[in-house]
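Architecture at a glance
Here's the letter readout for the chains.
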Amino acid sequence: MNGSSDDAMESYSVRVPASEQLLINVVPNLSAPRALCTTIGRAQFAKALAEVHGDSQVQCHFLDLYQAQESREYLDMTGSPVNMVCSPDLPEGEIDLFALPTTRGGEAELTRELLQQGYQRLRDGGTLLAAVDNRKDTWLHHEIEKLTRSITRLPKKRGVLYRATKKGPLKRERDFYAEFAFRDGENLIKAVSRPGVFSHRRLDLGARALMEGMTVQPGDRVLDIGCGAGVVGLAAAMREEGITVHAVDSNIRAVECALLGAELNGVEGMTAQADADGEIAHPGAFDVVVGNPPYFSQYRIAEIFLQGALRALRPGGRVQMVTKHPDWFLARMEQLFNDVTTEEHRGYQVVSAVQRG
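Residues numbered from 1 in each chain as written. Predicted model: local features only at pLDDT ≥ 70, side-chain atom pairs only at ≥ 80, totals over all residues. Heavy atoms only, no water.

1. Section: the overall build of the protein chain
Threshold: Each helix is a run of H or I in the DSSP string that is no shorter than four residues. Each strand is a run of E no shorter than two, and both are numbered from the N terminus. Here the globule rule is a power law, 2.2 Å times the number of residues to the power 0.38, and the radius of gyration is based on C-alpha atoms. Throughout this description, buried means an accessible area under 20% of the type-specific maximum (1.4 Å probe, protein chains only), exposed means over 50%, and partly exposed covers the range between. Should any heavy atoms of two residues lie within 4.5 Å, those residues are counted as being in contact. The Shrake-Rupley method, run with a 1.4 Å probe sphere, supplies the accessible areas, and residue values consider only the shown protein chains as cover. Only four residue types enter the tally: Lys and Arg on the positive side, Asp and Glu on the negative side, with His and both chain ends excluded. Where a charge lies is defined by one atom per residue type, namely NZ (Lys), CZ (Arg), CG (Asp) and CD (Glu).
Scanning the protein chain for helices and strands turns up 11 helices and 16 strands. Relative to the 2.2 N^0.38 estimate, which gives 21 Å for 357 residues, the radius of gyration of the protein chain is 22 Å and therefore close to what a compact globule would have. The principal-axis extent of the C-alpha atoms belonging to the protein chain is close to 60 × 55 × 35 Å. For the protein chain, buried positions account for 54% of its 357 residues. In the protein chain, 68% of the contacts between residues at least 6 apart in sequence involve partners at least 24 apart. As presented, the protein chain carries roughly 16300 Å² of accessible surface, and 47% of it is formed by carbon and sulfur atoms. Each charge class in the protein chain can be summarised by its mean position, and for the 40 positive and 47 negative side chains these summaries are 9 Å apart.

Structural data, given as structure tokens:
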């Protein structure tokens, strides 16, 4: 391998999460012609399984395009033959193995739903593997026992690995869809959410703050970046006559929920798009861009939000971002836009600016 390739490989030497490593450790002992897994890293278990068992069909499932793209770059660099699927639910089709790495403090309801879906897709006698980075775990153990009593607990130094066998269909299938309602002025708005979507089953306080600071006019074209369940976009669409909203999120389920929310409220002027790069349909056509960027990733995702707003807005259009940490947004938005201001709502800051002309 030449020097440039060595440098490239070094840049993709990423940390393997502890629970994913627990799964990787048992790869040599597995036999699974048809395998499906999720990842909390960059599909390292899927990579190991595909490389050790070259005849296996290995699929790795993602809910989020951003994580899927990072994993694809890693797998392409290493040449691993993994089929990556980004969809609201696990892909259909019978499988021999389902593997689920989890982390202590992860989203409980999403873990429950993925366990249920993975178990349902297993053939009778198929293997369920689940791992958690908590040596004292009891929660995940109990959740797997709800699916099958044929389970082996294997405690390790860095966590616990569970191996279970499917013994017939589920006795009871749980529905994890949720609806909740909130008010925006005189409007009662209904929203749909699912596990893994921000924020599931409730209106996030940051989203509420953004709604209170958001300014829309009749006929505005609004872009809701990082829409989650679509609550801010729905509020915008229902405030004035003739408003159209385009909702964008890297989470496939979020896009699904935003559209379901529009249908539930009879909002016809709302569209949605899955995107992780800020590449917005109809650049330069929007009057207002709103966003509630996540706090992780050292502002990398916040930068994607702002670059998306920069491409999307018409000259004189307005961008409004909500945050509890306004310093970075104030500094960066002053570099990109005009007339940067901030207002406090419910302990958050709504930072606003105007597109240069």
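2. Some details on the sheet that holds strand β12 (residues 270-274)
Threshold: By the convention used here, strands pair only if DSSP detects at least 2 bridges between them. Angular values range over 0 to 180 degrees, each being the angle between N-to-C directions of two axes fitted as lines to C-alpha atoms, with helices fitted over their stretch in contact.
Taken together, seven strands build an open sheet; the order of strands is β12-β11-β10-β13-β14-β16-β15 and the sheet is mixed. Single-partner strands in this sheet number two, and they are β12 and β15 (338-345). Averaged over all neighbouring strand pairs, the angle between strand axes comes to 15 degrees, with direction disregarded. Here six bridges tie β15 to strand β16 (residues 348-354), and the two strands are oriented antiparallel to one another. Looking at the pairing, Glu344 lines up with Gln349 of β16.

3. Considerations on the nonpolar core
Let me state the cut-off plainly: The term nonpolar core refers to a set of buried residues drawn from Ala, Val, Leu, Ile, Met, Phe, Trp, Tyr and Cys, joined through side-chain atoms within 4.5 Å.
In this structure, Val222, Val231, Val232 and Met270 are the most contacted members of the largest nonpolar core, which totals 35 residues. Listed by contribution, the elements that provide at least two residues to this core are β8 (178-184), β9 (187-193), α7 (205-213), α8 (231-237), β11 (244-249), α9 (252-265), β13 (286-291) and β16. Considering each element in turn, this core owes the most residues, six residues, to α8. Those residues in contact with Val232 that sit more than four places away from it in its chain are Ala207, Leu210, Met211, Met214, Asp224 and Val290. Among the nonpolar cores identified, the runner-up in size contains 28 residues, and Val27, Ala35, Cys37 and Ala50 belong to it.

4. Comments concerning the pairing of strand β6 (residues 151-156)
Here β6 pairs with strand β7 (residues 159-165) via six bridges, running antiparallel. Bridge pairing in β7 links Pro155 to Val160. If you look at the hairpin formed by β6 and β7, you'll find two residues sitting between the two strands.

5. Some thoughts on the environment of Ala302
Looking at the secondary structure, you find Ala302 in helix α10 (residues 300-312). Residue classification places Ala302 among the buried positions, given a relative accessible area of 1%. Residues Ala302 and Asn251 lie 51 residues apart in sequence; the distance between their C-alpha atoms is 15 Å. The contacts of Ala302, once residues within four sequence positions are left out, are Pro293, Trp328 and Phe329.

6. Side note on the environment of Gly278
Take Gly278: it is sitting in the loop between β12 and β13. Residues Gly278 and Cys86 lie 192 residues apart in sequence; the distance between their C-alpha atoms is 18 Å. Leave out the neighbours within four places in its chain, and Gly278 touches Ile304, Gly308 and Arg311.

7. Overview of the UniProt feature "domain: Methyltransferase small" (unreviewed entry) in the protein chain
Rules: UniProt positions are given in the numbering used here, feature names are shortened, and annotations may be inferred rather than shown by experiment.
Feature annotation in UniProt assigns "domain: Methyltransferase small" (unreviewed entry) to the following positions: residues 191-351. Helix makes up 34% of residues 191-351 and strand 30%, with an end-to-end C-alpha separation of 25 Å.

8. Some details on the pattern of salt bridges
For clarity, the threshold we go by: Think of a salt bridge as a Lys or Arg side-chain nitrogen and an Asp or Glu carboxyl oxygen that are within 4 Å of each other.
Scanning the model with the defined rule gives 24 salt bridges in all. For Glu51, the salt bridge goes to Lys47, with nearest N and O atoms at 3.3 Å. In this pair, Glu51 and Lys47 both sit in helix α3 (residues 44-52), four residues apart, roughly one turn of the helix. Here Glu51 falls in the partly exposed class, since its relative accessible area comes to 43%. In this structure, Arg194 engages Asp89 in a salt bridge whose closest nitrogen and oxygen atoms are separated by 2.6 Å. A residue pair is termed long-range when its members are at least 10 positions apart, and Arg194 in the loop between β9 and α7 and Asp89 in the loop between β3 (83-86) and β4 (95-102) qualify at 105 residues. Among the residues examined, Arg194 registers a relative accessible area of 1% and is labelled buried. Among the residues examined, Asp89 registers a relative accessible area of 25% and is labelled partly exposed. Among the ionic contacts, a cluster of salt bridges with common partners joins Asp89, Glu113, Arg194, Arg253 and Glu256.

9. Concerning a positive patch on the surface
Where we set the bar: Patch criteria: residues need more than 30% relative accessible area and no salt bridge. Like-charged residues are merged within 9 Å; nonpolar side chains of Val, Leu, Ile, Met, Phe, Trp and Tyr are merged within 5 Å.
Among the surface-exposed residues, Arg104, Arg135, Lys136 and Lys157 lie close enough to one another that they form a single positively charged patch. Here Arg135 shows up in the loop between β5 (122-132) and α6 (139-145). Given the relative accessible area of 56%, Arg135 is considered exposed.

10. Focus: helix α11 (residues 326-336)
Given 3.6 residues per turn, any residue in an α-helix points the same way as the ones three and four places further on. Let me state the cut-off plainly: Directions from the helix axis toward the C-beta atoms define the arc.
Taken as a whole, α11 has its buried residues at Pro326, Phe329, Met333 and Leu336. Viewed along the axis of α11, the buried residues span an arc of 95 degrees, placing them on a single side of the element. Facing away from the buried side of α11 by more than 90 degrees, the exposed set consists of Asp327 and Gln335. Those residues of α11 that are buried are in contact with α10, β14 (313-323), β15 and β16.

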